[in-house]
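Residue-level structure breakdown
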Amino acid sequence: NRPDEALEILKKDAAIAPEDTEIELALGAVFCHRKEFAEAIPHYEKFLSERPGEIDGLLGISECYYQLGYTDSAMIGYDHILKVDPENRQARNRINELRSQPVAT
């Protein structure tokens, strides 16, 4: 509930243990919580480079793309989540939402 403090602690932890991808996942989540989606993406990317099929990372980065308006990238992420976890409601709901949006001309 204190994202500013968490961010400072996690940044220090990342400097001490740059190989710890769990810290990257946590950093991404904190940036998302703060609605700083562009800042979250590199942390999710680093996490996913080591753990490509991890649902939490995939959901996080897909949500960032969604919130930033990169719907094609978000759709790719949500589709990948459903390949790993076909019952994932959050991904399925976002896909349905994206498909129901009118296409820009």
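Everything discussed here concerns the structure shown above.
What counts, and at which threshold
- Residues numbered from 1 in each chain as written.
- Predicted model: local features only at pLDDT ≥ 70, side-chain atom pairs only at ≥ 80, totals over all residues.
- Heavy atoms only, no water.
- Helix = DSSP H or I, 4+ residues; strand = E, 2+ residues; numbered from the N terminus.
- Buried < 20%, exposed > 50% of the residue type's maximum accessible area, 1.4 Å probe, protein only.
- Core = buried A, V, L, I, M, F, W, Y, C linked by side-chain atoms within 4.5 Å.
- Contact = heavy atoms within 4.5 Å.
- Phe/Tyr/Trp six-rings, centres within 6.5 Å; stacked < 30°, edge-to-face > 60°.
- Lys NZ or Arg CZ within 6 Å of the ring centre and 35° of its normal.
- Salt bridge = Lys/Arg side-chain N within 4 Å of Asp/Glu carboxyl O.
- Expected span 1.5 Å × (residues − 1).
- Arc of directions from axis to C-beta.
- Axes fitted to C-alpha atoms, helices over the stretch in contact; angles between N-to-C directions.
- Parallel < 35°, antiparallel > 145°, perpendicular 65-115°, else oblique.
- Left-handed = near helix turned anticlockwise from the far one by under 90°.
- Nonpolar A, V, L, I, M, F, W, Y, C, P; charged D, E, K, R; others polar.

Further remarks concern the side chain of Glu63. Within the fold, Glu63 resides in helix α4 (residues 55-68). Assessed through its relative accessible area of 15%, Glu63 is described here as buried.

So, on to the nonpolar core. Counting 31 residues, the largest nonpolar core has Tyr44, Cys64, Tyr78 and Ile81 as the members making the most contacts within it. Contributions of two or more residues to this core are made by α1 (3-16), α2 (21-33), α3 (37-50), α4, α5 (71-84) and α6 (89-100). Sort the elements by how many residues they give to this core and α4 lands first, with seven residues. With residues near it in sequence (within four places) discarded, Cys64 still touches Cys32, Phe37, Ala40, Ile41 and Tyr44.

Overall, the coordinates contain one aromatic pair when judged by the stated rule. One Lys or Arg, Arg94, reaches over the ring of Tyr66 and ends 3.8 Å from the middle of that ring.

Summarising the element assignment, Pro42 is placed in helix α3. On a C-alpha basis, the gap between Pro42 and Leu27 in space is 9.6 Å, while along the polypeptide they are 15 residues apart.

Before going further, it helps to examine the pattern of salt bridges. A complete count under the given rule lists eight salt bridges for this structure. The residue Glu22 makes a salt bridge to Arg51 at a minimum N-O spacing of 2.1 Å. Taken together, the residues span a long stretch of sequence, with Glu22 in helix α2 and Arg51 in the loop between α3 and α4 at a distance of 29 residues. On the basis of relative accessible area, Arg51 is assigned to the partly exposed category, the value being 29%.

Its 14 residues place the ends of α5 20 Å apart at the C-alpha level, agreeing with the 20 Å of an ideal helix rising 1.5 Å per residue. Of all the positions in α5, only Ala74, Met75, Gly77, Tyr78, Ile81 and Leu82 are classed as buried. One side of α5 carries all its buried residues, which in axial view fall inside an arc of 165 degrees. Among the exposed residues of α5, those oriented more than 90 degrees off its buried face are Asp72, Ile76 and Lys83. Here the buried face of α5 lies against α4 and α6.

α3 packs onto α2 with a crossing angle of 155 degrees between their chain directions and a minimal axis gap of 8 Å. Overall, the two elements α2 and α3 adopt an arrangement that is roughly antiparallel. Classified by chirality, the crossing of α3 by α2 is left-handed. Together, Thr21, Glu22, Glu24, Leu25, Leu27, Gly28, Ala29, Phe31 and Cys32 of α2 and Phe37, Glu39, Ala40, His43, Tyr44, Lys46, Phe47 and Glu50 of α3 make up the contact between the two elements. In the contact of α2 with α3, the residues fall into nine nonpolar, three polar and five charged.

Spatial relationships are all this shows, so hold off on functional conclusions.
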